[in-house]
Amino acid sequence: MRREELLDAAEDLLCDQGSQALTLASVAERAGCSKGGLLYHFSTKEALIKGMVERLIEDFDELIATQGHDTYTKNYLFATFAAVQSGRLRRWAVVTGASGNLYLLAPLREAMARWHREGLDGEPDPVAAQIVRLACEGVWDVASHDPDLYDDDHYAELKQRLLDLLPA
C-alpha cells in the first residue's frame, strides 16, 4: 500500500507544481514519509517515474478489460470517461514526469500504439473506431489540463455523442 501512496504523492506533486518540483525529497514529504522510506520502494527518481508509467498502463488496461461492451472501442470509450471523471489516472502528470527521457516514455508509447490498434480489424467500422479513440485522447488531454472544465452531465453528453458515431 505504501508504494501506491508514494506514486499518488508523485502524481499530485507533478499536477500541482510541475516536473521541476519532482524530487525524491519532495515526494517523500508529500507522502508523509522519510526519504529512506521512499528509497526502499524507488531507488531513483527514474524508478519512481517508471513506476508511475507502469501503474498508469496497468490501471488503464484493467479499466478497459472490465467495461464489458461488445467492441474494444466501446470499452476504450467507457474506460476513458471512467478514468477522466474519477481523476484516478492522471496521465498528463505521468507524461510530464517522464518527458525528456525516451526510455521512460517508451512503455507509454507502446501502450498508446496498442490501445489505438487493438481490435480494429474486428470493428464494424474501423475508421469510426479510430475517430472515437482519437476523440477520447482529446477528452483526456483537456481534462488533464483543466479537470474542472466539464461537469458530469457534459461528460455524459460527450460520451453519448461519441458512442453514436459507432455502428450499433
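Up top is the structure.
Read on for a plain summary of the structure. As the structure is a computational prediction, the values presented were derived from the model and not from experiment. (Residues numbered from 1 in each chain as written. Predicted model: local features only at pLDDT ≥ 70, side-chain atom pairs only at ≥ 80, totals over all residues. Heavy atoms only, no water.)

### With respect to the overall build of the protein
The condition is simple: Only DSSP runs of H or I reaching four residues or more are called helices, and only runs of E reaching two or more are called strands; each is numbered from the N terminus. Only C-alpha atoms enter the radius of gyration; for comparison, a globular chain is expected to reach 2.2 Å times N to the power 0.38, where N is the number of residues. A simple rule labels every residue: compare its accessible area, found with a 1.4 Å probe on the protein chains alone, to the largest value its type can have, and call it buried under 20%, exposed over 50%, or partly exposed in between. Here, two residues are considered to be in contact whenever any of their heavy atoms come within 4.5 Å of each other. The method behind every accessible area is Shrake-Rupley, applied with a 1.4 Å probe, and residues are considered shielded solely by the protein chains displayed. All tallies of charge rest on Lys and Arg as positive and Asp and Glu as negative; His and the ends of each chain are not included. Charged side chains are reduced to one point each, which is NZ for Lys, CZ for Arg, CG for Asp and CD for Glu.
A tally of helices and strands in the protein yields nine helices and zero strands. In the protein, the succession of helices and strands from N to C terminus is α-α-α-α-α-α-α-α-α. Taken against the 2.2 N^0.38 rule, which gives 15 Å for 168 residues, the C-alpha radius of gyration of the protein at 17 Å falls within 12% of a compact globule. Taking the principal axes of the C-alpha coordinates as reference, the protein spans close to 55 × 30 × 30 Å. By residue count, 40% of the 168 residues in the protein fall in the buried class. Within the protein, residue pairs in contact and separated by at least 24 positions form 65% of the contacts whose partners lie at least 6 positions apart. When the accessible surface of the protein is summed, it comes to about 8900 Å², and 52% of that surface belongs to carbon and sulfur atoms. Put simply, the protein has 17 plus and 28 minus side-chain charges, and the middle of one group is 5 Å from the middle of the other.

### Things to note about the pattern of salt bridges
To keep it simple, the criterion reads: The salt bridge definition used is simple: a Lys or Arg side-chain nitrogen within 4 Å of an Asp or Glu carboxyl oxygen.
Inspection of the entire model under this criterion finds nine salt bridges. We note a salt bridge from Asp8 to Arg55, for which the minimum N-O separation is 2.9 Å. Note that Asp8 is positioned in helix 1 (residues 2–17) and Arg55 in helix 4 (residues 45–65), a separation of 47 residues in sequence. When its relative accessible area of 37% is taken as the criterion, Asp8 is described as partly exposed. Classification of Arg55 by relative accessible area gives buried; the value is 9%. Each of Glu4, Asp8, Glu11 and Arg55 takes part in a single network of salt bridges with overlapping partners.

### With respect to the side chain of Glu123
Stated precisely, the cut-off is as follows: Counted as a polar contact is a pair of N or O atoms within 3.5 Å, where, for protein atoms, one must be capable of donating a hydrogen and the other of accepting one, and residues adjacent in sequence contribute only when both atoms are in side chains.
Mapping Glu123 onto the fold places it in the loop between helix 7 (102–117) and helix 8 (126–145). Classification of Glu123 by relative accessible area gives buried; the value is 7%. Polar contacts involving the side chain of Glu123 include one to the side chain of Thr73, which spans 2.7 Å. A polar contact is formed between the side chain of Glu123 and the side chain of Arg133, at a distance of 3.4 Å. Excluding residues that lie within four positions of it along the chain, Glu123 makes contacts with Thr71, Tyr72, Thr73, Ala129 and Arg133.

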